[in-house]
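Listed below, chain by chain, are the residues.
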Amino acid sequence: MSVIPYTDIQSLYINGRYQKPLSNAFEKVDNPATEEVIGHAPVAGLDDARTAIAAAREAFDHGPWPRMTMKERCAAMLRFRDALLRHEQDIRSLLLAEVGSTHLLLNGPQFGGVIQAIERCVELAERIRPEPTDVVVTPSIIDPSGAGTLGGGVTMSDPYGVVAGISPYNFPLLVSMTKIAPALVVGNCLVLKPSPFTPFSTLMLGKIADEAGLPPGVLNIITGGAEVGGLLCTDPRVDLVSFTGSDAVGKAVAAASAQTLKQVHLELGGKSALIVREDADVFSAAALASYGFTVHAGQGCAILSRFIVHNSIRKDFVEAMRTVLANIKVGNPAEFDTVVGPLISAAAREKAEYFTDRGQTDGAKLVFGGRRPAHLERGYFFEPTLFDDVDNRSMLAQQEVFGPVGAVIGYDDDDQAVALANASAYGLSGGIQSRDKVRAFEMAKQLRTGDVRINGGTGGLYLPGPFGGYKQSGVGREFGPQWLDTYMLKKSIQYPVG
Ligand code: NAD
């Protein structure tokens, strides 16, 4: 077996250099497609986390990074991008082995999205200017009939200070970069903690930071699980926590961060609905739905996995989905034509199995899949699994599986479709398939979700628009024109005029 790039990293990246973990702890990391061990990663302990926070604090309070011009920081971030591009093949090999990512996703968000994210943040940073505010006359409080003061000002943007970034396993590099790029470009210093499932694809960024010439302490990368994550939320030296992960952990992060009134940014899970109207092109809607909920084996926060389908076309839609699903290749992501790779762990596969059993117990009709693929002896694979006749109140329709399990729910009119889509504790994403684009637009406005993709939207990651959740799918927005505002504090400077 060839050695996977970067899996020899045995240290955490703190204060501009790789350091052995004070914890002296290491844990094996599996390839989820083969169950082979790809390496043993360092596991940070609380003392490592404290050292990383101290390094970030020192870099922010006394180091050059926040004091550089925006132009200098933008140049450094572009050097960071260039270093990533120089190592693209190695990074792809790592993401394939560590995350089980298919080539389809490596061509898209897993690697391409990372580069786009940096470029977008640089573009936005270059536009930041002090914003003049209104000139007003304030009457004298001593002599209201006398001359007032003519005054105005500017609004400035300051970095928060020390940011803690906590990321999930499914898009480890992309999600880490959606924290690194906006936080660093405006002058913050960062402590980043990836998921315990994907330590190497974040730890390797230390080498990238060295090549880009980032000053020590600007980017610190530690590992570990809930305990280390919890410390990042409670330590008073951290100013902002940017978390991406499940809603359950998001709530713990918000509660822990409240102790020191930290700002929190939360990008959480979803159970997003695709409404298929009676006038939709049934086959293209079924193809979009089938690829959509199975891509990355269903391990996507914004995946559309509840199909709310007009009853007049539901039978044809389900048949078309069955045909598409039968032709989707499930297998080792190392093979170029694989669409559905493995789940991240045996536990994640058990969760998909549990939901499949529960769907049947709750009276839904299993129309495709439902088992481990017979042709794959190793790896945490699960067949694309589709249910029809799902009750929107059932567990299968209400909870995030984070596996390739989809649910079809029938409806009879547009209002009912919108009501069903909105009957969810989540509100991350949504979609509408219809030939009537005006009607689809009107319905999109009624959906209580952070984004809605009409007829497939732009077909991929869309950084010009904001992304984030309504309801329990999150707090705050990333991407879009105001992306950098998440990582900045506004300051009003006022002075007399004239
Ligand atoms: P998770 O919530 O289990 O873990 C996320 C991170 O939180 C990990 O780094 C984990 O170690 C850390 N963590 C665990 N307990 C913690 C605690 N008490 N305090 C602080 N940190 C803690 O999520 P996961 O299983 O890695 O990822 C899947 C979830 O992420 C899904 O719910 C998915 O929808 C969500 N997600 C959301 C987005 C988005 O942008 N909205 C993107 C990707 C994934």
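Placed above this text is the structure.
First, a word on what this report is: a plain description of the structure on this page. (Residues numbered from 1 in each chain as written. Predicted model: local features only at pLDDT ≥ 70, side-chain atom pairs only at ≥ 80, totals over all residues. Heavy atoms only, no water.)

Turning to helix H3 (residues 88-99), a few remarks are in order. The α-helix winds at 3.6 residues per turn, so residues separated by three or four positions along the chain end up facing the same way. With twelve residues, H3 extends 16 Å between its outermost C-alpha atoms, agreeing within 8% with the 16 Å of an ideal straight helix rising 1.5 Å per residue. Turning to H3, its buried residues are Ile91, Arg92, Leu94, Leu95, Leu96, Ala97, Glu98 and Val99. On the buried face of H3, the contacting elements are strand S3 (25-30), strand S4 (37-43), helix H2 (70-86), helix H4 (103-107), helix H6 (172-185) and helix H7 (200-203). (Helix = DSSP H or I, 4+ residues; strand = E, 2+ residues; numbered from the N terminus. Expected span 1.5 Å × (residues − 1). Buried < 20%, exposed > 50% of the residue type's maximum accessible area, 1.4 Å probe, protein only. Contact = heavy atoms within 4.5 Å.)

This part covers the packing of H2 against helix H5 (residues 112-126). Between two packed helices, the angle of one axis relative to the other and the distance separating the axes together describe the packing. Direction vectors running N to C along H2 and H5 enclose 170°, while the axes themselves pass 10 Å from each other. When the interaxial angle is binned, H2 and H5 end up roughly antiparallel. Two secondary-structure elements touch here, H2 through Met70, Cys74, Met77, Leu78, Phe80, Arg81, Leu84 and Leu85 and H5 through Val114, Ile115, Ile118, Glu119, Val122, Ala125 and Glu126. (Axes fitted to C-alpha atoms, helices over the stretch in contact; angles between N-to-C directions. Parallel < 35°, antiparallel > 145°, perpendicular 65-115°, else oblique.)

Once that is clear, we can look at the sheet that holds strand S17 (residues 430-433). Taken in spatial order, the seven strands make up an open sheet running S14-S15-S16-S13-S12-S17-S18, and their pairing is mixed. Lying at the two open borders of the sheet, with one neighbouring strand each, are strand S14 (365-368) and strand S18 (453-454). Bridging between S14 and strand S15 (residues 385-388) involves three bridges; their strand directions are antiparallel. Its bridge partner being in S15, lysine 365 is matched across the sheet by aspartate 388. (Pairing = 2+ DSSP bridges.)

So, on to the pairing of S17. Of the two faces of S17, the one lined by Gly430 and Ile432 and the one lined by Gly431 and Gln433 are each fully buried. The pairing of strand S12 (residues 272-276) with S17 spans four bridges and is classified as parallel. Across the sheet, the residue bridging to valine 276 is glutamine 433, located in S17. Where S17 and S18 come together, two bridges link them in parallel fashion. The residue of S18 that forms the bridge with isoleucine 432 is isoleucine 454. Assessed by its sense of winding, the connection that carries the chain from S17 through helix H16 (residues 437-446) to S18 is right-handed. (Right-handed = clockwise from strand over helix to strand, strands pointing away.)

Estimated volume of the second largest pocket: approximately 280 Å³. Put simply, the parts of the chain that give the lining of the second largest pocket at least two residues each are H2, strand S6 (149-159) and strand S22 (488-496). When residues of the lining of the second largest pocket are assigned to their parent elements, the largest contribution, four residues, is made by S6. (1 Å grid on protein atoms, 1.4 Å probe; cavity = no way out; pocket = protein on both sides within 12 Å on 5 of 7 lines; lining within 4 Å. Points joined across faces, edges and corners; volume = space filled by probe spheres on them.)

Let us now look at the sheet that holds S6. If you walk across this open sheet you meet the three strands as S5-S6-S22, and the pairing is antiparallel. Only two strands of the sheet have a single neighbouring strand rather than two, namely strand S5 (131-138) and S22. Here the average twist between neighbouring strands, direction ignored, is 25°. Sheet topology places S5 next to S6; six bridges connect them, and they run antiparallel. Bridged to valine 137 within S6 is leucine 150.

Moving on to unusual backbone geometry. The backbone phi angle of asparagine 15 is positive, close to 55°, even though this residue is not glycine. Relative to the elements of secondary structure, asparagine 15 occurs in the loop between strand S1 (12-14) and strand S2 (17-19).

On to empty space enclosed by the protein. A full pass over the atoms with the stated rule returns two cavities of 30 Å³ or more. Roughly 110 Å³ of internal volume is contained in the largest cavity. Classifying every residue of the lining of the largest cavity gives six nonpolar, five polar and two charged. The calculated volume of the second largest cavity comes to roughly 90 Å³. What lines the second largest cavity is a set of 16 residues, and nearest its centre among them are Ala273, Arg306, Ala421, Ser429 and Thr449. Those elements that provide at least two residues to the lining of the second largest cavity are S12 and helix H15 (414-422). Classifying every residue of the lining of the second largest cavity gives five nonpolar, seven polar and four charged. (Nonpolar A, V, L, I, M, F, W, Y, C, P; charged D, E, K, R; others polar.)

So, about the pattern of salt bridges. A side chain with one charge may pair with a side chain of the opposite charge, provided their charged atoms come close. Summed over the entire model, instances satisfying the criterion amount to 28 salt bridges. Between arginine 57 and aspartate 61 there is a salt bridge whose closest N-O contact spans 3.0 Å. Here the residue arginine 57 and the residue aspartate 61 both occupy positions in helix H1 (residues 46-62), the gap between them amounting to four residues, near one helical turn. Residue classification places aspartate 61 among the partly exposed positions, given a relative accessible area of 32%. Its salt-bridge partner being glutamate 88, residue arginine 92 comes within 3.0 Å of it at the nearest N-O pair. (Salt bridge = Lys/Arg side-chain N within 4 Å of Asp/Glu carboxyl O.)

In the neighbourhood of the ligand, 27 residues make up the surrounding shell, with Ser167, Lys193, Ser246, Leu268 and Glu400 lying closest. Within the side chain of serine 246, one N or O atom sits 2.6 Å away from an oxygen atom of the ligand. In the environment of the ligand, an oxygen atom lies 2.6 Å from a nitrogen or oxygen atom belonging to the side chain of glutamate 400. Its free accessible area being 860 Å², the ligand has 87% of it covered by the protein chains. Contributing elements (two or more residues each) for the shell around the ligand: helix H9 (226-234), strand S10 (240-244) and helix H10 (247-258). The element best represented in the shell around the ligand is H9, accounting for three residues. Of the residues in the shell around the ligand, the class split is 14 nonpolar, ten polar and three charged. (Near = heavy atom within 4 Å. Polar contact = N/O pair within 3.5 Å; in protein donor to acceptor, adjacent residues only side chain to side chain. Areas by Shrake-Rupley, 256 points an atom, 1.4 Å probe, with all protein chains shown as cover.)

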